[in-house]
Amino acid sequence: MVDLRSFLDQVRQDRPQDIVTVKRCVNPNYETTAILAKFEQSYRLPIFYFEDVEGCSFPLVTNVCGSLSRLALALGVTVAELSQRYENGCKNPIKPKVIDSAAVQDEVVVDEDVDLGVLPKLIYHEKDCDKPYITAAIVVAVDPETGKSNLSFHRLMIAGRNRTGIYMAAGKHLDGIYQKYVAKNQAMPIAAFIGVHPILSLGGVYTGSTDVEEYDIIGGLQGEALRVVECVKNKGLFVPADAEFVLEGIVRPNERIEEGPFGEFTGYATGTMQTPVLEVHTITNRKDPIFQDIASGHSEHLVLPILGMEYSIKKVAQSASPSIKNVKIVAPLTIVVSIEKSDDAAPRKIIEALCKSDIYTKHVTIVDADVNVSDARQVNCAVALNVQPDQDVFVFKDLQGTPLDPSCRGESGITSKLGIDATAPLVGKRKIERNTIAKQLLDKIDMSEFLDNKDS
Ligand SMILES: Cc1cc2nc3c(=O)[nH]c(=O)nc-3n(C[C@H](O)[C@H](O)[C@H](O)COP(=O)(O)O)c2cc1C
């Protein structure tokens, strides 16, 4: 079975050093994140399983997808094979299988009995507001026009017994679906599921087109149909049968709440925003549930989206030019792409396509195929030595970015974006010739001749 519990068991068995079980009582206000941060400072990224959380009657698990090696374990491959494995899963989607009764609905509370106060009151950073957050909720909603479902992660700020703020980035699919409900002046039904196997989390960060449903991608990644069950009250919405928790509710068209400040993946706290409100009318969960958390701005928050985003970035870049070799997200909003260049116009085309395609792409550098996109020194050398700033630097104004970028002023997230063509020019006056040594000469040289010869 592909669920959170089976993955934790797999880690306990195959990688016991990758999971730390904390038996003593911990405070979800700052302390759980501080413990994780202390380990991160020593470059250790284990899962933390907190058995006893103050004010909460069930265990808390965090950092499940906090390293590429754990994602590789979840997908049954090596770290080097991860991208290819992810791509294969996305290219072979499998529709989910609907079942009638599911573990995630073993316990159900509705309406007046709903109380979000039973969940752990997680506060992460000193600059955060004093309201607890749910960070590992994957939201499912159905597009009222196409009937297709969409999955994505959304931070939920607990603001009362049955209310949360919900941040839906402009330019992303859930906000697009919400705007369709707003146009009809109708509430949007959603379900937020929490506590899943890493493969489902990878589905939650899939950023491809809305033609493909994330449940099908999850099926493709796990090699068999995902088992889903219809929601208790939100009929027509389906949730993973083996998740730990589901919050069912509605987001009304006009209601807003002050949300934040909240420390984000960028490493900076956002200011306050006016976000829509999720009104929760149903909570379902497994027996003896485990609550899952993702410490905002820490390793899991940065590692988890990489495969999905690099896959989509590569597809967009390839549609602008077929010469793409490698793609790497090297820092928040910052992408390096290497290309086998056969046309001096290609880098600008790729930069423009990428800057216009996604809100989380703000700074794009294109390098030649012989530059290692993961090596900051090689990339910086290419920028220093191939770039004439007046010719090779491109700025695109007034594009949709993210308001989580602290340099964006205002809540709209409108920003300018930067592209640098750091490839060597192929033609014209500035054509650059690299230092080379004839291959035949190199091949002829036998190093042992010099190592054995004491006189040389
Ligand atoms: C831990 C985590 C938290 C996230 N929180 C939010 C959020 O609060 N709001 C949001 O719009 N996107 C958030 N995201 C990003 C979306 O999940 C991601 O962009 C997703 O791929 C969007 O899906 P879409 O392409 O179907 O729109 C978060 C991602 C992660 C990994």
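Residues numbered from 1 in each chain as written. Predicted model: local features only at pLDDT ≥ 70, side-chain atom pairs only at ≥ 80, totals over all residues. Heavy atoms only, no water.

Engineer: Even after reading the chapter, I still don't get the site of the ligand, so can you show me in this structure?
Structural biologist: Around the ligand, the surrounding shell holds 21 residues, and the nearest of these are N150, R155, Y167, A169 and H173. The separation between a nitrogen atom of the ligand and a polar side-chain atom of H154 is 3.4 Å. Within the backbone of H173, one N or O atom sits 2.8 Å away from an oxygen atom of the ligand. Starting from 640 Å² of accessible surface for the ligand in isolation, the protein chains cover 94%. Per-element accounting of the shell around the ligand gives the leading share, four residues, to strand β8 (residues 149–153). (Near = heavy atom within 4 Å. Polar contact = N/O pair within 3.5 Å; in protein donor to acceptor, adjacent residues only side chain to side chain. Areas by Shrake-Rupley, 256 points an atom, 1.4 Å probe, with all protein chains shown as cover. Helix = DSSP H or I, 4+ residues; strand = E, 2+ residues; numbered from the N terminus.)

Engineer: Even after reading the chapter, I still don't get the pairing of strand β17 (residues 273–285), so can you show me in this structure?
Structural biologist: In regular strands, side chains alternate between the two faces of the sheet. For β17, the buried fraction is high: 11 of the 13 residues fall into the buried class. Both strand β5 (residues 107–110) and β17 contribute to a ladder of four bridges, which runs antiparallel. Within β17, the position partnered with V108 by the bridge is T284. Direction of pairing for strand β14 (residues 245–259) relative to β17: antiparallel, over a ladder of 11 bridges. Residue pairing across strands places V251 opposite L278, the latter belonging to β17. (Buried < 20%, exposed > 50% of the residue type's maximum accessible area, 1.4 Å probe, protein only. Pairing = 2+ DSSP bridges.)

Engineer: Mind showing me how you'd approach the domain arrangement of the protein here?
Structural biologist: Accessible area lost during the coming together of the parts is what is often quoted as the interface size. According to the domain assignment, the protein contains domain 1 (71–296) and domain 2 (306–421). For domain 1 versus domain 2, the distance between C-alpha centres works out to 29 Å. Listed by partner, the interface residues are 26 residues for domain 1 and 16 residues for domain 2. Of the roughly 1700 Å² buried between domain 1 and domain 2 on both sides combined, carbon and sulfur atoms contribute 70%. Our count for the domain 1 to domain 2 interface comes out at one salt bridge. When the shortest N-O distance is used, the salt bridge between K172 and D358 registers 2.8 Å. (Domains from an automatic or database assignment. Contact = heavy atoms within 4.5 Å. Buried area = accessible area lost by both parts, 1.4 Å probe. Salt bridge = Lys/Arg side-chain N within 4 Å of Asp/Glu carboxyl O.)

Engineer: What is the right way to read the pattern of salt bridges from this model?
Structural biologist: Oppositely charged side chains are able to pair whenever their charged atoms sit close together. Following the criterion strictly, the structure yields 30 salt bridges and no others. In the salt-bridge network here, residues are joined through shared partners; they are R15, D18 and R70.

Engineer: In this structure, what is going on with the packing of aromatic side chains? I would like to understand it.
Structural biologist: We describe a pair of aromatic rings using the distance from one ring centre to the other and the angle between the two ring planes. Using the criterion set out here, one finds nine aromatic pairs in the structure. Ring centres of Y86 and Y311 lie 5.9 Å apart, and the angle between their planes is 75°; this geometry places the pair in the edge-to-face category. Of this pair, Y86 sits in helix α4 (residues 82–91) while Y311 is found in helix α9 (residues 306–320), placing the two residues 225 residues apart along the sequence. Classification of Y86 as buried rests on a relative accessible area of 1%. (Phe/Tyr/Trp six-rings, centres within 6.5 Å; stacked < 30°, edge-to-face > 60°.)

Engineer: Help me out: how do you make sense of the packing of α9 against helix α10 (residues 346–357) in this one?
Structural biologist: Each packed pair of helices is defined by two parameters, the angle between the axes and the distance between the axes. The geometry of α9 relative to α10 is characterised by a closest axis approach of 8 Å and an angle of 135° between their N-to-C directions. By the angle class used here, α9 and α10 are oblique. Like other packed secondary-structure pairs, α9 and α10 cross with a definite hand, here right-handed. For the pair formed by α9 and α10, the contact residues are I313, V316, A317 and A320 on the first element and K349, I350, A353, L354 and S357 on the second. The residue inventory of the contact of α9 with α10, partitioned by class, reads seven nonpolar, one polar and one charged. (Axes fitted to C-alpha atoms, helices over the stretch in contact; angles between N-to-C directions. Parallel < 35°, antiparallel > 145°, perpendicular 65-115°, else oblique. Left-handed = near helix turned anticlockwise from the far one by under 90°. Nonpolar A, V, L, I, M, F, W, Y, C, P; charged D, E, K, R; others polar.)

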